[in-house]
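A closer look at the structure
Residues per chain are reported as follows:
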Amino acid sequence: MFDLTGRRALVTGSSRGIGRAIATALATHGAHVCIHSAHAEPETTEAVAAIATQGGTAAELHGDLSEAAVVDGLLGQASAALGGAIDLLILNAAIQVPQPLGQIDRETATRQFHTNMWASIGLIQAAVPQMSAQRFGRIILIGSMQQWRPHPNMAVYAGLKSGLENVARNFAVQLAPQGITVNTVAPGAIETDRNHAALSDPVYRAEVEAAIPARRLGETSDCAGVVVMLCSPAGEYITGATIPVDGGMHLG
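About the cut-offs
Within each chain, residues carry numbers counting from 1 in the order of the written sequence. Owing to the predicted nature of the model, reporting of local features is limited to residues with pLDDT of at least 70; listing and counting of side-chain atom pairs is limited to 80 or more, with chain, interface and lining totals taken over all residues. Excluded from the side-chain calculations are hydrogens and water; all other atoms, namely the structure's heavy atoms, are used. When two rings of Phe, Tyr or Trp (its six-membered ring) have centres within 6.5 Å they constitute a pair, described as stacked for plane angles under 30 degrees, edge-to-face for angles over 60, and tilted for the intermediate range. Criterion for a charge above a ring: Arg CZ or Lys NZ at most 6 Å from the ring centre, at most 35 degrees from the ring normal. Helix axes are fitted only over the stretch in contact, all axes being lines through C-alpha atoms; the angle between N-to-C directions runs from 0 to 180 degrees. Helix and strand assignments come from DSSP, with helices taken as H or I runs of at least 4 residues and strands as E runs of at least 2, each series counted from the N terminus. These descriptions rest on fixed angle ranges, namely under 35 degrees for roughly parallel, over 145 for roughly antiparallel, 65 to 115 for roughly perpendicular, and the rest for oblique. Two helices cross in a left-handed way if the nearer one is turned anticlockwise from the farther one by less than a right angle. They cross in a right-handed way if the turn is clockwise. Whether two residues are in contact is decided by their heavy atoms: any pair within 4.5 Å suffices. Under the grouping applied here, Gly and all other residues not named as nonpolar or charged are polar, the nonpolar ones being Ala, Val, Leu, Ile, Met, Phe, Trp, Tyr, Cys and Pro and the charged ones Asp, Glu, Lys and Arg. Grid points spaced at 1 Å and placed over the protein atoms alone form the basis of the search, with a cavity being a set where a 1.4 Å probe fits but cannot get out and a pocket an open set showing protein on both sides within 12 Å along at least five of seven lines. Lining residues have an atom within 4 Å of a point. Grid points are joined across faces, edges and corners, and a volume is the space filled by probe spheres set on the points. Strands are labelled as partners when DSSP assigns at least two bridges between them. The nonpolar core is taken to be a set of buried Ala, Val, Leu, Ile, Met, Phe, Trp, Tyr and Cys residues, with the residues joined through side-chain atoms within 4.5 Å. Only protein chains enter the accessibility calculation, which uses a 1.4 Å probe; a residue whose area is less than 20% of its type maximum is buried, one above 50% is exposed, and one in between is partly exposed.

Structural notes on the packing of aromatic side chains
Per the counting criterion, the structure on display carries zero aromatic pairs. Above the face of the Phe136 ring, Arg7 is positioned so that its terminal group lies 3.6 Å from the ring centre.

Structure representation (structure tokens):
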């Protein structure tokens with residue numbers, strides 16, 4: 001039920017953290033994977049090498065998704081690198097810039113919009129013709145618990161994640177007749193490089209864990225497992241869904 005043998009996947013923002021865990025899990029289940037990062041960095045190469053060591057197939061791509069030219073060309077590069085149309089599109093890349101209300105500036109907000117929102121829409125537009133032609137496609141947007149519980153210093157980021165959830169539901173209705181599913185996976189407090197500095201404070205960590213009904217932080221593998229399910233035959237009848245992976249934190 002979870003076999004992805006021969007499927008081709010592009011996972012944006014996958015050199016580390018949740019994205020890397022997703023890409024690795026997809027490869028473990030048989031998919032050929034493109035590891036993407038904004039710029040060339042050792043972590044991207046290491047991720048590709050690690051998948052190869054485990055017997056999988058992976059390619060390396062770079063490009064800043066705040067730039068229109070990168071968005072326009074990334075799907076074509078991924079298809080060329082993997083030798084065929086992309087079947088699985090995992091939109092994980094995002095910029096998160098904490099700013100209190102009075103400090104939000106147009107330039108930073110615009111960059112977040114282009115990376116978090118417009119890049120996702122543009123990549124979906126690029127992927128749909130190929131997916132539609134083969135009557136198969138899996139599109140997964142990585143959301144955030146902030147869709148329900150926005151942090152006061154991340155209004156732009158949280159707002160864009162909420163907007164993407166709406167976009168996913170909209171596209172799910174349009175694309176279901178073509179054999180394409182569109183879903184959102186919304187992580188909560190996950191142990192990642194991005195969160196390491198904040199969670200290394202034992203007082204803050206204890207406060208976060210106390211707010212989670214499961215009373216623990218999530219692992220990147222918790223998110224990866226849900227994505228594998230949605231991409232596999234086990235998830236073929238699920239579309240337009242938002243699945244929180246947060247130990248119940250969104251429940252309040």
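Topic: the packing of helix α3 (residues 68–82) against helix α4 (residues 106–134)
Between α3 and α4, the least distance of the axes is 8 Å, while the angle of their chain directions is 45°. With respect to α4, the element α3 is oriented oblique. Handedness of the crossing formed by α3 with α4: right-handed. Together, Val71, Leu74, Leu75 and Ser79 of α3 and Ala119, Gly122, Leu123, Ala126, Ala127 and Gln130 of α4 make up the contact between the two elements. Within the contact of α3 with α4, the residues separate by chemical class into seven nonpolar, three polar and no charged.

With respect to the layout of surface pockets
Considering only enclosed or pocket space, the largest pocket measures out at about 1,400 Å³ in volume. Surrounding the largest pocket, 46 residues form its lining, Gln96, Tyr157, Thr192, Arg194 and Asn195 being those nearest its centre. Listing elements by their share of the lining of the largest pocket, those giving two or more residues are α1 (17–28), β2 (32–37), α4, α5 (155–175), α6 (193–199) and α7 (202–210). Among the elements that make up the lining of the largest pocket, the one with the highest residue count is α6 (five residues). Partitioned by chemical class, the residues of the lining of the largest pocket number 19 nonpolar, 18 polar and nine charged.

Comments concerning the sheet that holds β2
If you walk across this open sheet you meet the seven strands as β3-β2-β1-β4-β5-β6-β7, and the pairing is parallel. A strand with exactly one partner marks an edge of an open sheet, and here the two such strands are β3 (57–62) and β7 (242–245). With direction set aside, neighbouring strand axes in the sheet form an average angle of 20°. Most of the contacts of α1 go to strand β1 (residues 8–11), to which it runs at about 175°, and overall it touches β1, β2, β4 (88–91), β5 (137–142) and β6 (180–187).

Some remarks on the nonpolar core
With 34 residues, the main nonpolar core has Leu10, Leu89, Ile139 and Val182 as its most contacted residues. Where this core is concerned, the elements lending two or more residues are β3, α3, β4, α4, β5, α5 and β6. Looking at this core element by element, the count peaks at eight residues for α4. Filtering out sequence-adjacent residues up to four positions away, Leu10 remains in contact with Cys34, His36, Leu61, Leu74, Leu75, Ala78, Ile86, Leu88, Leu89 and Ile90. Counting residues in hydrophobic clusters, the runner-up holds 31 residues, among them Val228, Leu230, Cys231 and Val245.

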